[in-house]
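Structure at a glance
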Amino acid sequence: MSKDTNQKKKKPSLLKRLFGGKSDMSIYEEELVQSPFRTIISNFKDNKVAMTGLIGFSIILLIVLIGPFIFPITTSFSEVSQINVAPGLDMMDVPEELQGNIKQISIGPTFSVGISNNGDVYIWGKTKISSALDVANIPEDMGKIVQVSAGFDHIIFLNEDGKLFFSGNNRQRQSTPTYEVENLTNIKQIEAGYQSSVVVTEDGYVYYFGNSMNNDYNEKNPYQGQIDKVATTSDGVIGLTKSGEVVYLGNQQNAYTRFPENMGKIVDIGTTASTVAAVNENGKVFVWGNISTNGEGNPPELDEKIISIQGGRYHYTALTESGRIVSWGANNYKQTEVPPELKDAKVVSYFTDSYQNYAIDENNNLHTWGLKGYLLGTDELGRDIFSRLINGGRMSVFIGAVAVVISTIIGIVVGSVSGFVGGKVDMVLQRISEMVSSLPFLPFAMILSSLIGNKIPPNQRVFLIMVILGLLSWPGLQRLVRAQILSIREQEYVTAAKSVGIKQVSIIFKHILPNVVSVIIVSATLDFATSMLTEATLSYLGFGVQAPQPTWGNMLYGANNSIVIQNYWWRWVFASIILGVCVICINLIGDGLRDAIDPKSQER
Amino acid sequence: MIKYVGKRIMYMILVFFIMSIALFFLYNLIPGDPARAELEPLRNKLTAEEYQYRYQLARERLGLDDPMPIRYAKWMSGVLQGDFGMSSIYKAPVREVIVSPMKITVFINIFSIIITLAITIPLGIFTAVKKNSIFDKSVQVLTIVGYSIPVFIIALLFIYLFAVRLGWFPVSGLNTPNFSGTAWEEFKDTMYHLALPLGVLTVGSLGGLTRYVRAAMIDALSMDYIRTARAKGLKERVVIFSHAWRNALLPVITLIISWLMSVFAGSLVIERMFNLKGMGDFYISALTNQDYNVAMAIQLFYIILALLGNLLSDLSYGVVDPRVRVNK
């Protein structure tokens, strides 16, 4: 019976072939002579644990190979406002009770606060600022709130009686109003900025409290009594006077004071973290300040007038006369991708800050776009852990694979030469191998990495680590190959090959090696797992691949203190899990292969 | 046998010298001038001529102008007399600096080795005897997980569970600061502080070792002489412990000895994580602070340990199993 008819006869489903037991076979099929290789495959397929490992590893491999193209990372990325954000995609989940009844929404870096028309306060998103502070812990009995403003790590509330309330951080006294502010009764606008709070009164006076080192503000500025509206960047306060002029309320001469000329009468201002935008009465937008390459300085050309503008952290969103919304600037969290259904809708109000946008159309429907949150949280530099895991995975797997290829090649060559040639060559090679294997692995790899690593640029360190791992881990395989070859060398077919006059080299590599391939594969698989573990350990200790290039090991580098372990669990849990699962899968495959190749070991 | 042992020891010494040469040259590849580093704090206090004079003196004293082989010979003769040079960080002879970390490391490792062996050997034998039982299968799965997870992840988990969540054990240090008490109280205090690191070290090595003991034991149990022993009507206990275990011992001993080395290297991570001032922690800070005399001394310690391990495992073959021809 040929193989073909055998396969045509029974065609079990893929699932059954992977997980199902052996189907009953007739005595002829049982007695069918199979090549050893086919036996190995069928043995392996029958091993459910190993198959699970294979499937698991294939999935992980697919994710880390394809994932980086879908979720690319910029290694130099860092974002102060997004550090140590807990996992979850709820940053724009407006509470249901608030929907359709929104009076105002104010947006902080990771949280948003909204007030309803009845004056109730709702806070959503990642409200925990530190282990002890939570902006959602709002004061009781605030009464009917009419205005809110979310800053970097605090929120200001204004109730209908003109009284101020605060929640969140107060380290820079940004939540402690001065005596005169507390007695104000005619507050018109509140604005919470980066560690600072600004209050504007009906009669045009500005009051500022909070961090005065980082933020440039001059209390005795010449515009007191004329201010209509203020906006804050991450380090300055910009004002709009009642006569329609943009003014800078600080002491310094800086990028914010380089006002564009001929702006005309300004009707609205908005700010990002480091730029200022103004809209004049003709609907034209001017942007100045420390403009980045993200494009916030290039407002789109429109055929209608813009009537108001608001700024996020690195983007602007503006409303036109006809109720259309336009967004421009940085788009790294899709914060400028206005949803298509808003194209035709007429927007009546919108709220933009940080990386989020909320817009309400004339039918009172809420539309949101921008940063929803982070699936697996962010790390100490505000980098998304999910995309770093995927990109780091590729690096980890790649390093492990190359290291194994190097060590396998050395192991095969040394082992087969040593085993086949014997004599003095064998003696010398074995002594060298013993020396390498008696090198304590981790300390020696650390030495090499720190001695050589200092001289080469960081991106070449990756290759250094691969080579170090490869050069230090071949002796095990070498011994295995040598032992196999010693036993095969004496078999008849080798003698036959010799007697025909075939060259030694081709006897080794063409006649003998194919017979030890299975052993090599098993050993390489298990070595692969070990290499990945070693790389992770080295990187974890800071001697392997170094940040910003992520690997699963060095993502855990900063996790070694109880504050991180306790409060920022997502920074170590996910990397640990994926590394563990990946290595377990590889080990399962290796074990399964070994069992499949050596039927005797199946009894174990 | 004696001839064999002699040969092995000679060979070991040869390898030691080759490795020390490699190490010495490796370290001397590093750019840097120890003489200048030594005088750096005095730089502003001395006049230029005096500085130059002292600098030349220091260079001469440290032998920096000698050719490499002579420097190696000087260093090696020092090492053989127990003089490893000066630590540039601690401003003291390496030999003195290194004593207390070595004590800590040896203590931790020996302790964890004893605990690990006390758990793995009975567990391995038991799972081998009750092969394919549910207990065996679950242990099998656990051991795969155990040896697939790097020790620092186990440590993170332990810290999270036992120190952060439950608050049972301290996370770092060897003793309570300013501890005073009797020797026994001090020992108890030390053990309390070492509970987590020891636990992590033990758990980290359980997986691989248990699997190995089990495999060796199953091999031994499948031999014909076991059937004979059972047929003779011997008690199962005798069969397992006298007949099977004796024969399983050979591969296990080899493994244990090579494992000893890796434990010492593995405790490097643990010492770093739990802030224990052991050899590993010392080694890492020596490497990062470029205190290369200390790093070299520790590296030599690791190499000697490894060579001794190799020797012991070769010899143990001969001792445990007379069939093994060591005189090949």
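Here the residue numbering is sequential within each chain, running from 1 through the sequence in written order. Key to labels: chains lettered from A, ligands numbered from 1, both in the order written. Whole-chain, interface and lining totals are the exception, using all residues; otherwise, since this is a predicted model, local features are given only for residues with pLDDT of at least 70 and side-chain atom pairs are given and counted only at 80 or more. With hydrogens and water stripped out, all remaining heavy atoms of the structure feed into the side-chain values.

What about the overall build of chain B?
Where helices and strands are cited, they refer to DSSP runs of H or I of at least four residues and of E of at least two residues respectively, numbered from the N terminus. When helices and strands are counted, chain B shows 12 helices and 2 strands. Going from N to C terminus, chain B has its helices and strands arranged as α-α-α-α-β-β-α-α-α-α-α-α-α-α. Here the C-alpha radius of gyration of chain B, 25 Å, is well above what a compact globule of 328 residues would show, namely 20 Å. Projecting the C-alpha coordinates of chain B onto the three principal axes gives extents of approximately 90 × 55 × 40 Å. Radius of gyration: over C-alpha atoms. The globule rule applied is 2.2 Å multiplied by the number of residues raised to the 0.38 power.

Here we look at the sheet that holds strand β3 (residues 121-125) of chain A
Strand-to-strand pairing in sheets goes through backbone hydrogen bonds, with the strands running parallel or antiparallel. Residue and element names in this part refer to chain A. Overall, antiparallel pairing links the 3 strands, which are arranged β1-β2-β3 in an open sheet. Single-partner strands in this sheet number two, and they are β1 (102-107) and β3. On average, each strand axis in the sheet is tilted by 20 degrees relative to the strand beside it, whichever way the strands run. Between any two strands, pairing holds if DSSP finds at least two bridges. Direction of pairing for β1 relative to strand β2 (residues 111-116): antiparallel, over a ladder of 5 bridges. Bridging from a neighbouring strand, Ile-107 pairs with Ser-112 of β2. Axis lines are fitted through C-alpha atoms, for helices just across the contact stretch, and the angle between N-to-C directions can take any value from 0 to 180 degrees.

Comments concerning the UniProt feature "transmembrane region" (unreviewed entry) in chain B
All names here are of chain B. UniProt positions are given in the numbering used here, feature names are shortened, and annotations may be inferred rather than shown by experiment. The feature "transmembrane region" (unreviewed entry), as annotated in UniProt, sits at residues 9-30, 106-129, 141-171, 191-213, 248-270 and 300-320 in this numbering. Taken end to end, residues 106-129 has its terminal C-alpha atoms 34 Å apart, with 100% of it in helix and 0% in strand. Helix makes up 74% of residues 141-171 and strand makes up 0%, while its end C-alpha atoms are separated by 29 Å.

Focus on the sheet that holds strand β13 (residues 266-271) of chain A
Residue and element names in this part refer to chain A. Pairing in this open sheet of 3 strands is antiparallel, and the strands run β13-β14-β15 from one edge to the other. Only two strands of the sheet have a single partner each, and these edge strands are β13 and β15 (285-289). The average undirected angle you get between the axes of adjacent strands in this sheet is 20 degrees. Relative to β15, strand β14 (residues 275-280) is paired through 5 bridges, and the arrangement is antiparallel. Paired with Ala-278 across the strands is Phe-286, a residue of β15.

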